[in-house]
Amino acid sequence: MKLLLTNIKELLQVRENFPTKLSGKEMAELPTLKNAWLYINHGIIEDYGIMAKMGPHQGFKTIDCSGKTVLPAWCDSHSHIVYAGNREQEFVDRINGLSYQEIAEKGGGIVNSAKKLQETSEEDLYHQSAARLEEVMKLGTGAIEIKSGYGLTTDAELKMLRVAKKLAEEYPITIKTTFLGAHAIPTEYKGNKDGYLDLLCNEMLPKVAEESLAEYIDIFCEEGYFSVADMDRVLSEGKKYNLIPKVHVNQFNSIGGIASAVKHKALSVDHLEVFTDEDLAALKNSETMPVALPSCSYFLSIPYTPGRKIIDAGLPLALATDYNPGSTPSGNMNFVVATACIKMRLTPEEAINAATINGAYAMGLSETHGSICRGKVANLIITKPIPSYGYLPYAFGSNLIDSVIIGGKEVK
Ligand code: NIG
Ligand code: FE
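Residues numbered from 1 in each chain as written. Chains lettered and ligands numbered in written order. Predicted model: local features only at pLDDT ≥ 70, side-chain atom pairs only at ≥ 80, totals over all residues. Heavy atoms only, no water.

Visitor: How do you make sense of the state of the cysteines when you look at a structure like this?
Guide: Simply put, the disulfide is a covalent bond whose two ends are the sulfur atoms of two cysteines. Under the criterion given, the structure shown has zero disulfides. This cysteine, Cys221, is not joined by any disulfide, and Cys201 carries the nearest cysteine sulfur, 15 Å off. Cys75 provides the cysteine sulfur closest to Cys341, a residue in no disulfide bond, and the two sulfurs are 17 Å apart. Looking at Cys341, the relative accessible area reads 15%, which means it is buried. (Disulfide = S-S within 2.5 Å. Buried < 20%, exposed > 50% of the residue type's maximum accessible area, 1.4 Å probe, protein only.)

Dropping the structure here:
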């Protein structure tokens, strides 16, 4: 399948030098080509250039992109898109005054989703999750990470990961999977956290590894959930199966999780709504990507990750959705990019870099995704006619996407 995009008003994120991630001041630059063409062959970006220098490409399907901007599809490096049902009632409870933590203490929250998921068949779970996946693809997401963590029993955790794997087989979007058995202490193990961690280490992890169901390992390191010592145990155990850490830290409290994750060579540390100078120092000179989840802050009315401070300190930053039923029932990366500009004071260039190249890095996909490079996967967003790319976060409530191409296929 060959596809030619012509008369592109502006082609964003054109990189000749394949950077794996962008840090600090580098994030302020977004290289573009004006009045460009781009040629896709068998799902790969084969070539691109300016219209004045386009050679003959006869007989290809051509999309005229006059007035339109083209950019790499979003790379969403943190999601929990495989889940069952919803938590609308907890949303209303929060409106009526309960906090996210109070709801969890009353038996709601993650264990509520786990109960629903355990009662849902694998087939039903697949269909519920596929509907969300189709939705986010149409919103411009071309690669996504999916976590387990709403199973909390061996069977249900495996069920979640199998569903994620099946989605990866059925859809053109690139999917990376993460084992998050340590998401919450299941009700049956209340008061016996170590018993649950024994189950996780001795039964769940070997089975996840045996079926090659995950590449990454995660833990919710937070007061009331799992401690830094628990994280140390789980990540060390995961390492035996070559699972690379990508962890939930500093959502509500800074308890030393970042330093420990860096020590374990985590690929990313995610959330960071509470972020101290010690946390910042721990990330300096590391290869660990800080990941901000601004839709979670928006939905829970909690602080935003200090993205400005992180970038000004010379660090990289990635943006992701956290799509899940409790803290972020939205998988819209366009909203994430806009909210990062509006609430975290990222410039449009920084936010687009954070949601493309740096998002790809946080999923181990830098070589193939996140920028317009010859040989990379043809994952592209074609916008409606817009004045310039800054209009994307500016007009935050509009759907400005005209078409989406994933793996060379038009999905919208
Ligand atoms: O990333 N914080 C931990 N996990 C999810 C939310 C879990 C839930 O409320 O269902 C998150 O926000
Ligand atoms: Fe999350």
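That shown, we press on.
Visitor: What am I meant to see in the nonpolar core here?
Guide: Side chains that are nonpolar tend, in soluble globular proteins, to be buried together. The biggest cluster of nonpolar side chains holds 112 residues, and the ones touching the most others in it are Val82, Leu133, Leu167, Phe179, Leu200 and Leu319. Broken down by element, the residue count for this core peaks at eight residues, all from helix 6 (residues 193-210). Residues lining this core come from more than one domain, with at least three contributed by each of domain 1 (2-72 + 371-410) and domain 2 (75-361). With near-sequence residues (within four places) excluded, Leu167 lies in contact with Val82, Tyr126, Ser129, Ala130, Leu133, Ile146 and Ile175. Listed in part, the 18 residues of the second largest apolar core include Leu5, Leu11, Leu38 and Val70. (Core = buried A, V, L, I, M, F, W, Y, C linked by side-chain atoms within 4.5 Å. Helix = DSSP H or I, 4+ residues; strand = E, 2+ residues; numbered from the N terminus. Domains from an automatic or database assignment. Contact = heavy atoms within 4.5 Å.)

Visitor: Help me out: how do you make sense of the UniProt feature "binding site: N-formimidoyl-L-glutamate" (unreviewed entry) in the protein chain in this one?
Guide: Mapped onto the present numbering, the UniProt feature "binding site: N-formimidoyl-L-glutamate" (unreviewed entry) falls on Tyr150, Asn324 and Gly326. With the annotated positions falling across 177 residues, the maximum pairwise C-alpha distance of 10.9 Å places them together in a single cluster. Once residues within four sequence positions are removed from consideration, Asn324 is found in contact with His80, Tyr83, Tyr150 and Pro329. Polar contacts involving the side chain of Asn324 include one to the main-chain amide nitrogen of Gly326, which spans 2.7 Å. Tracing the backbone shows Gly326 in the loop between strand 13 (318-319) and helix 12 (333-344). If we skip the residues at most four places from it in the chain, Gly326 touches Arg87, Tyr100, Phe299 and Leu300. (UniProt positions renumbered as here; feature names shortened; annotations may be inferred. Polar contact = N/O pair within 3.5 Å; in protein donor to acceptor, adjacent residues only side chain to side chain.)

Visitor: Quick question: what am I supposed to make of the coordination of the iron ion (ligand 2) here?
Guide: Between any two of four tetrahedral donors, the ideal angle at the metal is 109.5 degrees; between two of six octahedral donors, it is 90 or 180 degrees. Distances from the iron ion (ligand 2) to its protein donors, His78 (NE2), His80 (NE2), His248 (NE2) and Asp322 (OD), fall at 2.1 to 2.2 Å. Of note, the donors binding the iron ion (ligand 2) are all from one chain and are spaced H-x1-H-x167-H-x73-D. Residue His78 is located in the loop between strand 6 (74-76) and helix 1 (88-95), and its partner Asp322 is located in the loop between strand 13 and helix 12; the two are separated by 244 residues in the primary sequence. Across the pair, Asp322 and His78 agree in class, each one buried. (Donors = N, O, S within 2.8 Å, 3.2 Å for Na, K, Ca; no water.)

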